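Fold and geometry: a report
Spelled out from the first residue to the last, the chains are:
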There are 2 protein chains.
Amino acid sequence: MKQGNRHDLPAEPDYILISKALEVVSGKWRLYLILQLGEETRRYSQLAEMLPSISEKVLAGELKALVVLGVIDRKVYAEIPPRVEYTLTSKGRLALPILRLLQEIGRIFN
Amino acid sequence: MKQGNRHDLPAEPDYILISKALEVVSGKWRLYLILQLGEETRRYSQLAEMLPSISEKVLAGELKALVVLGVIDRKVYAEIPPRVEYTLTSKGRLALPILRLLQEIGRIFN
């Protein structure tokens, strides 16, 4: 996956890139979850507290989807009870400034 | 709607701003449609040609939604047949650089 700089983004809108970007941000909670995680390492319980109106099932599902997409890492520590921690992957951290910037779109049209 | 600079985006992720931003970009075609329009003025027929796999009904619906959101302007010229043209609003043009940048998210995770 070639790391281009932002100036050489395709002149013509690229439907594949757009669809992949939307996979990362779309849905009621996904972008909010990424931004709440930010540069921190968070436990499942901490994330659940930060997103009080999200159901356990949806939170687990969104975290799983973000792991599959390569946005976040999931680490399980063999403790009793097991400790599960989430952090952004290096790709996730690379994307974070743009993901934060998306809120500017919300402000423009709010 | 206060026009802030990007440095004073909320420290904490703002769910309202995120939801509004997602309203502008989400959906199979919306972001692609905005980027295809870009800084140009396009007729409905031109947009339909640029998005060959989108149905007339969906294209009309997405254009209507983007007008309601304040992203694009729709001008009808009283000609026979009537000429209908779409352009980005000033808010749309303000958001365009960030919307284009979203493709970088697609590249990172592609």
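Everything here concerns the structure above.
This structure is a prediction, so every number in the text was calculated from the model and none was measured.

Next up on the list: the overall build of chain A. For chain A, the helix and strand inventory stands at five helices and three strands. The order of helices and strands in chain A, counted from the N terminus, is α-α-β-α-α-β-β-α. Structurally, chain A occupies a C-alpha span of about 55 × 35 × 20 Å along its principal axes. Burial statistics for chain A: of 110 residues in total, 46% are counted as buried. A total accessible area of about 5,900 Å² is found for chain A, and carbon and sulfur atoms account for 54% of it. In chain A, which carries 16 positive and 13 negative side-chain charges, the distance between the mean positions of the two groups comes to 3 Å.

All names here are of chain A. The three strands are arranged β1-β3-β2 in an open sheet whose pairing can be described as antiparallel. Each of the sheet's edge strands pairs with one partner strand only, and the pair in question is β1 (42-43) and β2 (72-77). As defined by bridge partners, β1 adjoins strand β3 (residues 83-88) across two bridges and the pair is classed as antiparallel. Note that in β3 the partner of Arg43 across the bridge is Glu85. Across the sheet, helix α2 (residues 30-37) lies against β1, β2 and β3, angled at about 95 degrees from β3, the strand it touches most.

As a further point, take the pairing of strand β3 (residues 83-88) of chain B. Residue and element names in this part refer to chain B. Judged by how many residues are buried, β3 sits mostly within the fold: five of six residues are covered. Here strand β2 (residues 72-77) pairs with β3 via six bridges, running antiparallel. The residue bridging Lys75 from the neighbouring strand is Glu85, located in β3. Here β2 folds back onto β3, and the loop between the two strands holds five residues.

Let us now look at the packing of α2(A) against helix α4 (residues 56-69) of chain A. All names here are of chain A. Contact geometry for α2 and α4: axes closest at 10 Å, N-to-C directions at 75 degrees. By the angle between their directions, the pair α2 and α4 is classed as roughly perpendicular. From α2, Arg30, Leu33 and Ile34 reach across to α4, where they touch Leu59, Glu62, Leu63, Ala65, Leu66 and Leu69. Taken together, the residues of the contact of α2 with α4 break down into seven nonpolar, no polar and two charged.

This part is about the relation of the copies chain A and chain B. Structural alignment of chain A on chain B gives an RMSD of 0.0 Å, achieved by rotating through 180 degrees and translating 0.0 Å along the axis. Look at the turn and shift together and you get a two-fold axis relating the two. Judged by C-alpha distance, Ser26(A) is the residue of chain A that lies nearest the rotation axis, at 3.2 Å. A symmetric contact is evident, with 100% of the interface residues of chain A recurring at the interface of chain B.

Bringing the packing of helix α2 (residues 30-37) of chain B against helix α5 (residues 90-108) of chain B into the picture now. Residues and elements named next belong to chain B. Running from N to C, α2 and α5 point in directions that differ by 120 degrees, and their axes come no closer than 10 Å. In terms of their interaxial angle, α2 and α5 are classed as oblique. Where α2 crosses over α5, the two elements pack in a sense that is left-handed. Of the residues in α5, those touching α2 at Leu31, Ile34 and Leu35 are Leu96, Leu99, Arg100, Leu102 and Gln103. Considering only residue class, the contact of α2 with α5 consists of six nonpolar, one polar and one charged.

Looking now at the environment of Glu104(B). All names here are of chain B. Checked against the element boundaries, Glu104 lands in helix α5. Taking C-alpha positions, Glu104 is 35 Å from Val76, a pair spaced 28 residues apart along the chain. There is a polar contact of 3.0 Å between the side chain of Glu104 and the side chain of Arg107.

Attention now goes to helix α1 (residues 15-25) of chain B. All names here are of chain B. Taken together, the buried positions of α1 are Leu17, Ile18, Lys20, Ala21, Leu22, Val24 and Val25. Two or three places before Ile16, at the opening of α1, Asp14 has a side-chain oxygen 2.9 Å from that residue's backbone nitrogen. At the exit of α1 stands Gly27, carrying a positive phi of roughly 105 degrees.

Now for the sheet that holds strand β1 (residues 42-43) of chain B. All names here are of chain B. A sheet is described by the order of its strands in space; here three strands give the open sequence β1-β3-β2, paired in antiparallel fashion. The outermost strands of the open sheet, each flanked by one partner alone, are β1 and β2. Packed onto the sheet, α2 meets β1, β2 and β3 and runs at close to 95 degrees relative to β3.

Each value, and the rule that gives it
- Residues numbered from 1 in each chain as written.
- Chains lettered and ligands numbered in written order.
- Predicted model: local features only at pLDDT ≥ 70, side-chain atom pairs only at ≥ 80, totals over all residues.
- Heavy atoms only, no water.
- Helix = DSSP H or I, 4+ residues; strand = E, 2+ residues; numbered from the N terminus.
- Buried < 20%, exposed > 50% of the residue type's maximum accessible area, 1.4 Å probe, protein only.
- Areas by Shrake-Rupley, 256 points an atom, 1.4 Å probe, with all protein chains shown as cover.
- Lys, Arg positive; Asp, Glu negative; His and termini not counted.
- Charge placed at Lys NZ, Arg CZ, Asp CG, Glu CD.
- Pairing = 2+ DSSP bridges.
- Contact = heavy atoms within 4.5 Å.
- Axes fitted to C-alpha atoms, helices over the stretch in contact; angles between N-to-C directions.
- Parallel < 35°, antiparallel > 145°, perpendicular 65-115°, else oblique.
- Nonpolar A, V, L, I, M, F, W, Y, C, P; charged D, E, K, R; others polar.
- Least-squares fit on C-alpha atoms with pLDDT ≥ 70 in both.
- Left-handed = near helix turned anticlockwise from the far one by under 90°.
- Polar contact = N/O pair within 3.5 Å; in protein donor to acceptor, adjacent residues only side chain to side chain.

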